[in-house]
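# Structural characterization, general
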Amino acid sequence: MFELKHHTGQDWVDAVMADFNRFLQDHAAAEKKASGMAMAMLSHYPDKAKLVRAMTDLAIEELIHFKQVLKLLVARDVTLGQDKKDPYITQIRALFRNGTSFFLMDRLLVAAVIEARGYEKFWLVSQALPEGKDKDLYEAIAKSEEKHKNLFVELAYEYCDKAEVDQRLEEILIAEAEICAGLPIRAVLH
């Protein structure tokens, strides 16, 4: 449906592969937060039946991803780790505009862009991993993130004007590229 304006470089992949346990801890935290975000969204918009159904499914799927990553951590004898503020998420959420109609559109489109970034990065990780279960898991998670990206845009089209959605998505993509360009290279998802 759309392409990111900033592409993650090999230096990020190298950082993740050099400290994969730290990446797994951060990935687990991100999946847990994504599940919570889906629950919060359906709670905030109980009158939007399609959104409620989609967010219910998404919350469950993200929690399954959390469990899968937790299994990788346990197998490596690595603790779950503390949840930390994610500078990327903090900055991209600052793009939300006030106003009921704008806020819903922005929440959906920012979520779409976050999922697109997750797709890109999980795919890069999957390609860097050796053949085996971990590689297969990251390929599957990447494909799931791509579906989520499209789901959020479809929901925005469902509840908002398509031309306004397209225009706002472009603005968010430009802002997200600037955010990404300013982030340090670390063994974390964002």
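Here's a quick rundown of the structure. (Residues numbered from 1 in each chain as written. Predicted model: local features only at pLDDT ≥ 70, side-chain atom pairs only at ≥ 80, totals over all residues. Heavy atoms only, no water.)

## Some thoughts on the nonpolar core
- Counting residues in hydrophobic clusters, the biggest one holds 36 residues, and the most contacted among them are F2, M55 and V113.
- Looking at this core, the elements with two or more residues in it are α2 (20-44), α3 (49-75), α4 (87-93), α5 (100-128), α6 (133-159) and α7 (162-181).
- Broken down by element, the residue count for this core peaks at 10 residues, all from α5.
- In contact with V113, other than residues within four places in its own chain, are F2, L4, Y88, I92, L169, I172, L173 and E176. (Core = buried A, V, L, I, M, F, W, Y, C linked by side-chain atoms within 4.5 Å. Buried < 20%, exposed > 50% of the residue type's maximum accessible area, 1.4 Å probe, protein only. Helix = DSSP H or I, 4+ residues; strand = E, 2+ residues; numbered from the N terminus. Contact = heavy atoms within 4.5 Å.)

## What to know about the side chain of E115
- Inspection of the secondary structure assignment puts E115 in helix α5.
- Despite its burial, E115 pairs with no opposite charge, the nearest such side chain being K149 at 10 Å.
- At a separation of 3.2 Å, a polar atom in the side chain of E115 contacts the side chain of H148.
- Those residues in contact with E115 that lie beyond four places of it in its chain are E62, E145, H148, K149 and F152. (Lys, Arg positive; Asp, Glu negative; His and termini not counted. Salt bridge = Lys/Arg side-chain N within 4 Å of Asp/Glu carboxyl O. Polar contact = N/O pair within 3.5 Å; in protein donor to acceptor, adjacent residues only side chain to side chain.)

## A word on α7
- Between its terminal C-alpha atoms α7 stretches 28 Å, which fits the 28 Å expected from 20 residues at 1.5 Å a residue.
- The elements touched by buried residues of α7 are α4, α5 and α6.
- With a side-chain oxygen lying 3.2 Å from the backbone nitrogen of A163, the N-terminal cap of α7 falls on D161. (Expected span 1.5 Å × (residues − 1).)

## A few points about the packing of α6 against α7
- Their axes nearest at 8 Å, the elements α6 and α7 cross at an angle of 140 degrees. When the interaxial angle is binned, α6 and α7 end up oblique. Where α6 crosses over α7, the handedness of that crossing is right-handed. Residue-level contacts link V153, A156 and Y157 of α6 to K162, V165, D166 and L169 of α7. (Axes fitted to C-alpha atoms, helices over the stretch in contact; angles between N-to-C directions. Parallel < 35°, antiparallel > 145°, perpendicular 65-115°, else oblique. Left-handed = near helix turned anticlockwise from the far one by under 90°.)

## With respect to the pattern of salt bridges
- Summed over all chains, the structure comprises 11 salt bridges.
- For K50, the salt bridge goes to E158, with nearest N and O atoms at 3.4 Å. Of this pair, K50 sits in helix α3 while E158 sits in helix α6, and the two are 108 residues apart along the sequence.
- In this structure, the salt-bridge partner of D106 is R168, at a minimum N-O distance of 2.9 Å. Taken together, the positions of D106 in helix α5 and R168 in helix α7 put the pair 62 residues apart, joining distant regions of the chain.
- Among the residues examined, R168 registers a relative accessible area of 11% and is labelled buried.
- What you see here is one network of salt bridges that share partners, running through R97, D106, R168 and E171.

## What to know about α3
- The first and last C-alpha atoms of α3 sit 40 Å apart over 27 residues, in line with the 39 Å expected at 1.5 Å per residue.
- Those residues of α3 lying buried are L51, A54, M55, L58, A59, E62, H65, F66, V69, L72 and L73.
- At its buried positions, α3 is contacted by α2, α5 and α6.
- The first or second residue beyond α3 is D77, which carries a positive phi of 60 degrees.

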